[in-house]
Amino acid sequence: MTLPFFVYGTLRPGEVNHDLFLRGRTRSEEPGRLADAVLYEGPGYPYAVEEPGAGVIGGELVAALPEAYEGLLAELDRLEEYVPGDPRSLYVRVERQVVREADGAAVPAWVYLAAPAVAARLRARGRAIAGGDWRARV
């Protein structure tokens, strides 16, 4: 299944990992919003944590070029330290509905969310990013 990616931190345009991983490998990048989630500060990058009714995270929906998709998926899994079924993963990659800002349509996308153990720590003592926008953090 080839879904777009919802990026909300260092993979956003203008951020450090965008050029390293996405430049020249996407066919579109457009603003989007992920509902029912809170953004938390990490060590130089953010974590999205699901919290029904608690907030909205801003980011971009990124559609990979078809010929780049499989390689990009594998590289992003490595970047996000996601290994399916591994409890040591920092993130989990899940399919979620993301709203495109241009037309308000909800589209399925891959989202990297904080893995359960990381999410529990963040809920207990993490620092939420007000407004859910990594770029607007203080």
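This text follows the structure it describes.
A.B. asks: Residues and numbers for helix 2 (residues 69–79), please.
C.D. replies: Turning to helix 2, its buried residues are Tyr 69, Leu 72, Leu 73, Leu 76 and Asp 77. In a view along the axis of helix 2, the buried residues occupy a sector of 135°, so they form one face of it. Within helix 2, the exposed residues directed more than 90 degrees away from the buried face are Glu 70 and Arg 78. Buried positions along helix 2 lie against strand 1 (5–7), helix 1 (16–22), strand 5 (56–64), strand 6 (91–100) and strand 7 (106–114). Backbone geometry just after helix 2 places Glu 81 at a positive phi near 55°.

A.B. asks: Account for the side chain of Arg 12, with residues named and values stated.
C.D. replies: Of note, Arg 12 is situated in the loop between strand 1 and helix 1. Setting aside residues no more than four positions away along its own chain, Arg 12 makes contact with Val 7, His 18, Gly 58, Gly 59, Glu 60, Asp 133, Trp 134 and Arg 135.

A.B. asks: Break down the packing of aromatic side chains for me, citing the residues and quoting the values.
C.D. replies: In this structure the tally under the stated criterion is five aromatic pairs. With a centroid separation of 5.6 Å and 65° between ring planes, the pair formed by Tyr 45 and Tyr 47 is classed as edge-to-face. What makes Tyr 45 partly exposed here is its relative accessible area of 26%. Grouped by ring-pair contacts, the aromatic residues Tyr 45, Tyr 47 and Tyr 91 constitute a single cluster.

A.B. asks: Explain the layout of surface pockets to me, and be specific about the residues and the numbers.
C.D. replies: Unfilled space is identified by rolling a water-sized probe across the atoms. Each pocket or cavity is described by its volume, and for the largest pocket that value is around 250 Å³. Lining the largest pocket are 17 residues, and of these Thr 10, Tyr 45, Leu 79, Glu 80 and Tyr 91 sit closest to its centre. Elements with a contribution of two residues or more to the lining of the largest pocket: strand 1 and strand 7. Ranked by residue count, the leading element in the lining of the largest pocket is strand 1, at three residues. Along the lines of polarity and charge, the residues of the lining of the largest pocket split into twelve nonpolar, three polar and two charged.

Conventions we followed
- Residues numbered from 1 in each chain as written.
- Predicted model: local features only at pLDDT ≥ 70, side-chain atom pairs only at ≥ 80, totals over all residues.
- Heavy atoms only, no water.
- Buried < 20%, exposed > 50% of the residue type's maximum accessible area, 1.4 Å probe, protein only.
- Helix = DSSP H or I, 4+ residues; strand = E, 2+ residues; numbered from the N terminus.
- Arc of directions from axis to C-beta.
- Contact = heavy atoms within 4.5 Å.
- Phe/Tyr/Trp six-rings, centres within 6.5 Å; stacked < 30°, edge-to-face > 60°.
- 1 Å grid on protein atoms, 1.4 Å probe; cavity = no way out; pocket = protein on both sides within 12 Å on 5 of 7 lines; lining within 4 Å.
- Points joined across faces, edges and corners; volume = space filled by probe spheres on them.
- Nonpolar A, V, L, I, M, F, W, Y, C, P; charged D, E, K, R; others polar.

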